[in-house]
Amino acid sequence: MNNSYENSFLSKSIFNTQNIVLANIGWAVLALLYFLLFSAKVPGADGIESRAEWYVIGTNIFEALAYLAAGILCLRNWLSPQIVSGRNVWLLIGLGMLSYFIGGIIFGYTEIVLKDEPDVSVGDIFFVLTYLLLGAGMILAVASRRINLEKWQWLIVLAIAVFGSLLAWWISMQQEKPSELLVAILNWFYVVSDVVLLIIATTLLLAFWGGRVSQSWRMIAAAAFSLYIADMWFKYAQGPNYQSGEILEVFWVFSGVLFGMGAVLEYDASLRRTRRTSGRKRA
């Protein structure tokens, strides 16, 4: 019995909110340093500059573990009956994180092991699922609240929507037109999805501002912004000489980390709210 109590106490003390948040921040800092220190291209035996394979493997590991951890933390919220924003919200976001994790693994395997960079791969199935699940989860979060934004807040949403759309359109116009219809459809799906997530994230940020779980949704909004930055950079940088591992791709890692931090902050806020409510009832 004592051993069981000690194990339970040790588990709670290690996996508390503060430690999980610090671990996420530490992972983001390590990823940033890794990208900054080792992303430079070096000339190979053939004289062509490229990034070391071990570096590309490392970037995939940073990204994959960030989304895997985020998925687990979001699903923990789904399993909690006390969660404030609704369990289905976190189920959808958690499944989106795990879909991105699987898609990233497939993409990394194709690029590093198979030495191939197809325009469309099996990984795209999971990336598409990610956007659909994330969008559904975030829309459900918005729908669960009575949106009553001020005029200036709606102007902010409109300004970000216009800016995000124009930037995405401009970047898309710089690219060569794909010859395959499926590739063109996927390209526009990703662009539109990024802009939609950006708009929803801005609305969520303003709607939850100052509420009981405002901190968690600030993290979610920041995660969506990070995803937009990384995706737009990836689309802009794509070309015959593109190589994975550019510095701005660290925003993919940031996005996974921020989704995870949003989940753990919501979990903590929900538990605190439940304790306060039960305390008042006993009084």
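Residues numbered from 1 in each chain as written. Predicted model: local features only at pLDDT ≥ 70, side-chain atom pairs only at ≥ 80, totals over all residues. Heavy atoms only, no water.

Examining the overall build of the protein chain
The following threshold applies: Working definition: helices are DSSP H or I runs of at least four residues, strands are E runs of at least two. Numbering for both runs from the N terminus. Here the term buried applies to any residue with accessible area under 20% of the maximum for its type, exposed to any over 50%, and partly exposed to those in between, with areas from a 1.4 Å probe on protein chains only. Any two residues whose heavy atoms approach within 4.5 Å are treated as being in contact. For every accessible area listed, the method is Shrake-Rupley and the probe measures 1.4 Å; residues are considered covered only by the protein chains on display.
Within the protein chain, the regular secondary structure consists of 9 helices and 2 strands. Moving toward the C terminus, one meets the helices and strands of the protein chain in the order α-α-β-β-α-α-α-α-α-α-α. Relative to its full complement of 283 residues, the protein chain shows a buried share of 42%. Of the contacts formed within the protein chain by residues at least 6 apart in sequence, a portion of 77% connects residues at least 24 apart. Surface summary for the protein chain: the accessible area is close to 15600 Å², and the carbon and sulfur share equals 66%.

Focus on a nonpolar patch on the surface
Quick reminder of the rule: Excluding any residue in a salt bridge, patches collect residues exceeding 30% relative accessible area, merging like charges within 9 Å and nonpolar Val, Leu, Ile, Met, Phe, Trp and Tyr side chains within 5 Å. We count a salt bridge whenever a side-chain nitrogen from Lys or Arg sits within 4 Å of a carboxyl oxygen from Asp or Glu.
A cluster of nonpolar side chains, namely Leu 22, Ile 25, Val 29, Leu 30, Leu 32, Leu 33, Leu 36, Leu 37, Phe 38, Trp 54 and Ile 247, defines an oily patch on the protein surface of about 1000 Å² accessible area. Mapped onto the elements, Leu 37 comes out in helix H2 (residues 17–38).

Some points on the nonpolar core
Note the following rule: Residues belong to one nonpolar core when they are buried, are Ala, Val, Leu, Ile, Met, Phe, Trp, Tyr or Cys, and are joined through side-chain atoms within 4.5 Å.
Counting residues in each nonpolar core, the largest one holds 52 residues, and the members touching the most others are Trp 90, Ile 93 and Trp 217. Sorting the residues of this core by element identifies H2, helix H3 (53–79), helix H4 (87–113), helix H5 (123–143), helix H7 (181–207), helix H8 (214–237) and helix H9 (250–282) as the ones contributing at least two each. Looking at which element gives the most residues to this core, the answer is H9, with 11 residues. Core analysis: the next-biggest nonpolar cluster, separate from the first, contains 7 residues, Ala 168, Val 191, Val 195 and Tyr 228 among them.

Quick word on the pattern of salt bridges
A complete count under the given rule lists 2 salt bridges for this structure. Salt-bridge contacts for Arg 51 lead to Glu 246; the nearest nitrogen and oxygen are separated by 3.0 Å. Residue Arg 51 is found in the loop between strand S2 (49–50) and H3, and its partner Glu 246 is found in the loop between H8 and H9; the two are separated by 195 residues along the sequence. Residue Arg 51 is classed as buried on the basis of its relative accessible area of 10%. When the shortest N-O distance is used, the salt bridge between Glu 53 and Lys 115 registers 2.4 Å.

Here we look at the environment of Leu 129
With respect to the helices, strands and loops of the structure, Leu 129 is situated in helix H5. Here Leu 129 falls in the partly exposed class, since its relative accessible area comes to 36%. Separated by 29 residues in the primary sequence, Leu 129 and Tyr 100 place their C-alpha atoms 8.1 Å from one another.

A look at the packing of H5 against H8
Here is the rule: Structural elements are reduced to axes, namely lines fitted to C-alpha atoms, with helices fitted over the stretch in contact, and the angle between N-to-C directions of any two is expressed from 0 to 180 degrees. Here is the rule for handedness: rotate from the far helix to the near one, and if that takes an anticlockwise turn smaller than a right angle the crossing is left-handed, while a clockwise turn gives right-handed. Basically, the charged four are Asp, Glu, Lys and Arg, the nonpolar ten are Ala, Val, Leu, Ile, Met, Phe, Trp, Tyr, Cys and Pro, and anything else, Gly included, counts as polar.
Running from amino to carboxyl end, H5 crosses H8 at an angle of 150°, the nearest separation of the two axes being 13 Å. Between H5 and H8 the crossing geometry is left-handed. Packed against H5, whose contacting residues are Tyr 131, Leu 134, Met 138 and Ala 141, the element H8 presents Trp 217, Ile 220, Ala 224, Leu 227 and Asp 231 at the interface. Considering only residue class, the contact of H5 with H8 consists of 8 nonpolar, no polar and 1 charged.

Considering the environment of Trp 154
With respect to the helices and strands, the residue Trp 154 is situated in helix H6 (residues 151–174). In sequence terms Trp 154 and Thr 202 are 48 residues apart; their C-alpha atoms lie 9.6 Å from each other. In this structure Trp 154 touches Ile 147 and Leu 149, once residues within four positions along its chain are discounted.

Describing H6
We count it as follows: Here the expected length of a helix is defined as 1.5 Å per residue gap, with one fewer gap than residues.
End to end, H6 covers 35 Å across 24 residues, agreeing with the expected 34 Å (1.5 Å per residue, within 8%). For H6, the elements touching its buried residues are H7 and H8.

Some points on the confidence of the model for the protein chain
To keep things clear, this is the line we draw: Each residue carries a pLDDT value, the predictor's own confidence for that position, ranging from 0 to 100.
Of all residues in the protein chain, 88% attain a pLDDT of 70 or more, and the chain-wide mean is 85. Note on residues 4–11: pLDDT is under 50 here. Beyond four places in sequence and across chains, it has 0 contacts. Under a pLDDT of 50 for its full length, residues 279–283 has, in the predicted model, 0 contacts with residues more than four places off or in other chains.

Structural notes on the environment of Tyr 228
Position of Tyr 228 among the secondary structure elements: in helix H8. Residues Tyr 228 and Asp 194, spaced 34 residues apart in sequence, show a C-alpha to C-alpha distance of 5.5 Å. If we ignore the near neighbours within four places in the chain, the residues touching Tyr 228 are Gly 164, Leu 167, Ala 168, Asp 194, Val 195 and Leu 198.

Some words on the packing of aromatic side chains
Stated precisely, the cut-off is as follows: Centre distance within 6.5 Å is the pairing criterion for rings of Phe, Tyr and Trp, where only the six-membered ring of Trp is used; planes under 30 degrees apart are then read as stacked, over 60 as edge-to-face, and the remainder as tilted. To sit over a ring, a charge needs its Lys NZ or Arg CZ within 6 Å of the ring centre and within 35 degrees of the ring normal.
Here the structure, examined in full by the defined rule, presents 17 aromatic pairs. Each ring, one from Trp 90 and one from Trp 217, has its centre 5.6 Å from the other, and the planes form 40°; the classification is tilted. Taken as a pair, Trp 90 in helix H4 and Trp 217 in helix H8 lie far apart in primary sequence, 127 residues in all. The structure contains a cluster of three or more aromatic residues connected by ring pairs, namely Trp 27, Tyr 34, Phe 35, Phe 38, Trp 54, Tyr 55 and Phe 62. Stacked on the ring of Tyr 267, the Lys or Arg Arg 76 has its end atom at 3.7 Å from the ring centre.

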